[in-house]
Amino acid sequence: MSDFRSTTVLMVRRDGKACMVSDGQVTFNDTVIKSSASKVKRAGKGKVLVGFAGGAADGLALFTRFEGKLESFSGNLERAVVELAKDWRTDRALRQLQAHMIVADAEQSFLVSGNGDLMQPDDEGLLAIGSGSNYALAAAQALLRNTKMSAVEVAREAMAIAASICVYTNDRLTLEEI
């Protein structure tokens, strides 16, 4: 069986700013098949950041579904992700999707997993998904605790560290900030 490994997505919050960044690498078995994929997008009239990891088609399908939920609930992020998680858990077709999503606005952040779980980060305001998520998350935690770097600076540096360790993560970044 062939195995797709793709994406490291990191969300960092500091000083009232939220930054989401992803690498661009998509790997099939032991081959890099794309190095510049964009896995962070804006939704909700540009006020919400969405990052996804997993199958590209599955991630895009979830992004489209999330946009619809966000519109249905007049931009209420929490309500939109709760309803998406419910649908993901109960809808037979959605349950087959192999992806994770991070969504964030100026105040809140959520991780929605492939089995319908919905989580918010602890006090540091960090979330990460994908193949290199643990490396990026650990680097970002250390940088937040030990530097005065901005959210964008922490995100860039943490991803550089993850890319230097994880063979499924590269340094071709897509970065958005709100």
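Structure's up top.
Chemist: Which residues make up the environment of serine 109, and what values go with them?
Modeler: By the secondary structure assignment, serine 109 is in strand β9 (residues 109-112). Taking the C-alpha atoms as reference, serine 109 lies 32 Å from asparagine 29; in sequence the two are 80 residues apart. The contact partners of serine 109, leaving out residues within four places of it in the chain, are Met11, Arg13, Val103, Ala104, Met119, Gln120, Pro121 and Leu127.

Chemist: Report on unusual backbone geometry, specifying residues and quantitative values.
Modeler: You will see that lysine 45, though not glycine, has its phi angle at about 60°, which is positive. Along the chain, lysine 45 falls in the loop between β6 (40-43) and β7 (48-54). Since its relative accessible area comes to 83%, lysine 45 is described here as exposed. A positive phi angle, close to 50°, is found at serine 74, a residue other than glycine. The class of serine 74 is exposed, set by a relative accessible area of 71%.

Chemist: Mind laying out the sheet that holds strand β2 (residues 8-14), listing which residues take part and the relevant values?
Modeler: Paired through backbone hydrogen bonds, the strands of a sheet run either parallel or antiparallel to each other. Spatially, β11-β2-β3-β12 is the arrangement adopted by the 4 strands of the open sheet, whose pairing is antiparallel. Only two strands of the sheet have a single neighbouring strand rather than two, namely β11 (127-130) and β12 (174-177). Going across the sheet, the axis of each strand differs from the next one's by a mean of 10°, ignoring polarity. As judged from the 6 bridges shared by β2 and strand β3 (residues 17-22), these two strands associate in the antiparallel manner. Bridged to valine 9 within β3 is serine 22. Packed onto the sheet, helix α3 (residues 133-146) meets β2 and β11 and runs at close to 20° relative to β2. Sheet contacts for helix α4 (residues 151-165): β2, β3 and β12; angle to β2, the most-contacted strand, approximately 150°.

Chemist: Run through the side chain of threonine 174, naming residues and quoting values.
Modeler: Structurally, the position occupied by threonine 174 is in strand β12. Using a relative accessible area of 18% as the deciding quantity, one classes threonine 174 as buried. Contacts of threonine 174, omitting those with residues within four sequence positions, involve Met20, Val21, Ser22, Ala37, Ser38 and Val40.

How each quantity is defined
Residues numbered from 1 in each chain as written. Predicted model: local features only at pLDDT ≥ 70, side-chain atom pairs only at ≥ 80, totals over all residues. Heavy atoms only, no water. Helix = DSSP H or I, 4+ residues; strand = E, 2+ residues; numbered from the N terminus. Contact = heavy atoms within 4.5 Å. Buried < 20%, exposed > 50% of the residue type's maximum accessible area, 1.4 Å probe, protein only. Pairing = 2+ DSSP bridges. Axes fitted to C-alpha atoms, helices over the stretch in contact; angles between N-to-C directions.

Geometric descriptors of this kind do not, in isolation, establish any biological role.
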